[in-house]
Amino acid sequence: MPRVYFDERVAVGYDAGAADMFEPAVLDPAVDFLAERAGGGAALELGIGTGRVALPLSQRGVPVHGIELSPAMVEQLRAKPGADHIGITIGDFATTRVDRTFRLVYLVYNTIENLTTQDAQVACFHNVAAHLEPGGHFVVEVEIPQLQRLPPGETLRPFLVTPTRLGFDEYDVATQGLISHHYVKVDNVLRGWSMPFRYVWPAELDLMARLAGLRLRERYSGWKHEPFANDSTTHMSVYGW
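Report on the accompanying structure. Quick caveat, the model's predicted, so the values are computed rather than measured. Each residue is numbered by its place in its chain's sequence as written, counting from 1. Whole-chain, interface and lining totals are the exception, using all residues; otherwise, since this is a predicted model, local features are given only for residues with pLDDT of at least 70 and side-chain atom pairs are given and counted only at 80 or more. Side-chain measures were taken over the full set of non-hydrogen atoms in the model, leaving aside hydrogen atoms and water.

**Observations concerning the sheet that holds strand β10 (residues 215–220)**
Strand pairing requires that DSSP identify at least two bridges connecting the strands. Every helix listed is a DSSP run of H or I at least four residues long, and every strand listed is a run of E at least two residues long, numbered separately from the N terminus. Taken together, the 7 strands give an open sheet; going across it, the order is β3-β2-β1-β4-β5-β11-β10, and neighbouring strands pair in mixed fashion. The open sheet has two edge strands with one neighbour each: β3 (87–90) and β10. Ignoring which end each strand starts from, the neighbouring axes of this sheet average 20° apart. Across 5 bridges, strand β4 (residues 102–107) lies against strand β5 (residues 132–143) in parallel orientation. What sits directly across from Tyr-106, in β5, is Val-139. Throughout, a residue-residue contact means that at least one pair of heavy atoms, one from each residue, lies within 4.5 Å. Axis definition: a line fitted to C-alpha atoms, limited for helices to the stretch in contact. Angles are taken between N-to-C directions and run from 0 to 180 degrees. Contacting β2 (64–68) and β3, helix α5 (residues 71–78) crosses the sheet at an angle of about 165° to β3. Its contacts with the sheet put helix α7 (residues 202–211) on β5, β10 and β11 (234–240), and the angle it makes with β11 is roughly 15°.

In structure tokens:
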């Protein structure tokens, strides 16, 4: 079983630390996009976390099940209204199986990068294929690696700088490794933690999909179907049979 980085300390403050991702202008288009791809069927969220997307999607009438490695994150989800309508399986979403299939499987907010090896990411696509109904959709939301913003010879890039929070990404371009360092000021004490990720390119994801028998069907740079272009910083890719 992989190490659980989203422990109780992280889980308790997770929603507050990602408050901007709960804003209706950010969340509603994502839920609209996913509900449309569910097409009246059930959805499986990989890395369901505290339910930021799963809860509003469930409220749209989409039956949602989630796979989550962290019991502490699930505990936060279970404390929220409407959580009793969502099924949850504890496990590594790259390999954990649920005994049913789904019209929609989705990974959002860079969660594919929580799988820190290429083998694990490839296994995830095979796991999705085992859960996906014929005609179903697999949606991946993930950042475009920001290596163009990294000066030659440097490995650190700040992604958040406020009076109370600091965030830095540390890149290892030889291994496509990425460690996110987070620092939060609490009661005038700076507390920090770090988590490893593996960044992945769109073309690499497309090949992983092919290895699992899937194909790229759609790609956008935003949930409102914005075109994917050279300057896109993220992408929503839809795979299917």
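**So, the layout of surface pockets**
For the second largest pocket, the calculated volume is near 200 Å³. A 1.4 Å probe that fits into a set of points on a 1 Å grid over the protein atoms alone but cannot get out defines a cavity; an open set with protein on both sides within 12 Å along at least five of seven lines defines a pocket, and lining residues are those with an atom within 4 Å of a point. Along its surface, the second largest pocket is lined by 13 residues, and Ile-144, Gln-146, Gln-148, Asn-230 and Ser-232 are the ones closest to its centre. A class-by-class count of the residues in the lining of the second largest pocket yields 6 nonpolar, 5 polar and 2 charged. Grid points are joined across faces, edges and corners, and a volume is the space filled by probe spheres set on the points. Note on residue categories: nonpolar means Ala, Val, Leu, Ile, Met, Phe, Trp, Tyr, Cys or Pro, charged means Asp, Glu, Lys or Arg, and polar means any other residue, Gly included.

**Comments concerning helix α3 (residues 24–38)**
Every helix has an expected span of 1.5 Å times one less than the residues it contains. End to end, α3 covers 20 Å across 15 residues, agreeing with the expected 21 Å (1.5 Å per residue, within 8%). Within α3, the full set of buried residues consists of Leu-27, Pro-29, Ala-30, Val-31, Phe-33, Leu-34, Ala-35, Arg-37 and Ala-38. Next to the buried residues of α3 lie α4 (54–59), β4, β5, β10 and β11. Classification of residues uses two cut-offs on accessible area relative to the type maximum, computed with a 1.4 Å probe and protein chains only: under 20% is buried, over 50% is exposed, and between them is partly exposed.

**Some words on the packing of aromatic side chains**
Aromatic contacts are taken between Phe, Tyr and Trp rings whose centres are within 6.5 Å, Trp giving its six-membered ring; a plane angle under 30 degrees counts as stacked, one over 60 as edge-to-face, and the others as tilted. Applying the stated criterion across every chain, the model contains 8 aromatic pairs. Considering the side-chain rings of Phe-125 and Tyr-239, the 5.6 Å spacing of their centres and the 80° angle between planes classify their relative orientation as edge-to-face. Placement of Phe-125 in helix α6 (residues 118–131) and of Tyr-239 in strand β11 is noted, with a sequence separation of 114 residues between them. Comparing Phe-125 with Tyr-239 shows no difference in burial state: the two are buried. Judged by centre distance (6.0 Å) and plane angle (90°), the rings of Tyr-199 and Trp-201 are edge-to-face. Of the aromatic side chains, those joined through ring pairs into one cluster are Phe-33, Tyr-220 and Trp-223. Criterion for a charge above a ring: Lys NZ or Arg CZ within 6 Å of the ring centre, and within 35 degrees of the ring normal. The positively charged end of Arg-37 is found above the aromatic ring belonging to Phe-33, 3.8 Å away from the centroid.

**Some points on the pattern of salt bridges**
We count a salt bridge whenever a side-chain nitrogen from Lys or Arg sits within 4 Å of a carboxyl oxygen from Asp or Glu. Scanning all chains against the criterion turns up 6 salt bridges. The partner of Arg-37 in a salt bridge is Glu-36, and the shortest N-O contact between them spans 3.3 Å. In this structure Glu-36 comes out as exposed when scored by relative accessible area, which is 53%. A salt bridge links Asp-206 to Arg-219; the shortest N-O distance between them is 2.6 Å. In this pair, Asp-206 is assigned in helix α7 and Arg-219 in strand β10, connecting sequence segments 13 residues apart. What makes Arg-219 buried here is its relative accessible area of 18%. Salt bridges sharing common partners tie together Glu-36, Arg-37 and Glu-218.

**What about the pairing of strand β1 (residues 43–46)?**
Every second residue of β1 is oriented toward a common face, with Ala-43 and Glu-45 on one face and Leu-44 and Leu-46 on the other, all of them buried. Here 4 bridges tie β1 to β2, and the two strands are oriented parallel to one another. By the bridge assignment, Glu-45 is partnered in β2 with Gly-66. Taken together, β1, α4 and β2 form a β-α-β motif whose crossover is right-handed. The sheet contact formed by β1 and β4 spans 3 bridges and is parallel. Looking across to β4, one finds that Glu-45 is bridged to Tyr-106. A clockwise path from the first strand over the helix to the second, with the strands pointing away from the viewer, defines a right-handed crossover.

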